[in-house]
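Listed below, chain by chain, are the residues.
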Amino acid sequence: MRKDKKQVIGDEIGDEQIKLFLDFEPVDATSPSLHKLIKAYRGLRIDDFERFLTFFVAAGYDVDGKDEQGKTFVELIADQRNAPDYIELIEKSRT
């Protein structure tokens, strides 16, 4: 594969499938916003996560929702390998 080509695994998913991640609800004291972000982070590719954030923000959810220990999504993923790309998307969604 050429270096300038991104590898794509799986089929393109539609907006309705991405919006399904807005339906997830927490079973503990985690904020619904944070819970939805984590589910989307774990289940979507970076490009799809970016699309998800558009729907997420439009629906009025908070990118700074916290878990029971007071940590935000950015704080929870900060030490993960792909975190910088996701954190950048979160920062963009705040504007």
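Rules behind the numbers
- Residues numbered from 1 in each chain as written.
- Predicted model: local features only at pLDDT ≥ 70, side-chain atom pairs only at ≥ 80, totals over all residues.
- Heavy atoms only, no water.
- Phe/Tyr/Trp six-rings, centres within 6.5 Å; stacked < 30°, edge-to-face > 60°.
- Helix = DSSP H or I, 4+ residues; strand = E, 2+ residues; numbered from the N terminus.
- Buried < 20%, exposed > 50% of the residue type's maximum accessible area, 1.4 Å probe, protein only.
- Lys NZ or Arg CZ within 6 Å of the ring centre and 35° of its normal.
- Salt bridge = Lys/Arg side-chain N within 4 Å of Asp/Glu carboxyl O.

(A) Here's a closer look at the packing of aromatic side chains. A full pass over the atoms with the stated rule returns nine aromatic pairs. Between the aromatic rings of Tyr-41 and Tyr-86, the centroid separation amounts to 4.7 Å while the plane-to-plane angle is 85°, which identifies the pairing as edge-to-face. Taken together, the residues Tyr-41 in helix H2 (residues 32–43) and Tyr-86 in helix H5 (residues 83–93) connect sequence positions 45 residues apart. This pair shows no difference in class: Tyr-41 is buried, exactly as Tyr-86 is. When the ring of Phe-49 is compared with that of Phe-73, the centres are 5.9 Å apart and the planes differ by 20°; the resulting orientation is stacked. With Phe-49 in helix H3 (residues 46–58) and Phe-73 in helix H4 (residues 73–77), this residue pair connects regions lying 24 residues apart in the sequence. For the pair Phe-49 and Phe-73, a shared accessibility class is recorded, and that class is buried. Residue placement shows Lys-39 over the ring face of Phe-24; its charged tip is 5.3 Å from the ring centre.

(B) Highlighting the pattern of salt bridges. The final tally for this structure, using the stated rule, is nine salt bridges. When the shortest N-O distance is used, the salt bridge between Lys-92 and Glu-88 registers 3.8 Å. In this pair, Lys-92 and Glu-88 are both assigned in helix H5, four residues apart and thus about one turn of the helix distant. By relative accessible area, which is 48% here, Lys-92 ends up partly exposed. Residues joined in a network through salt bridges with shared partners are Glu-12, Asp-15, Arg-45, Asp-48 and Arg-51.

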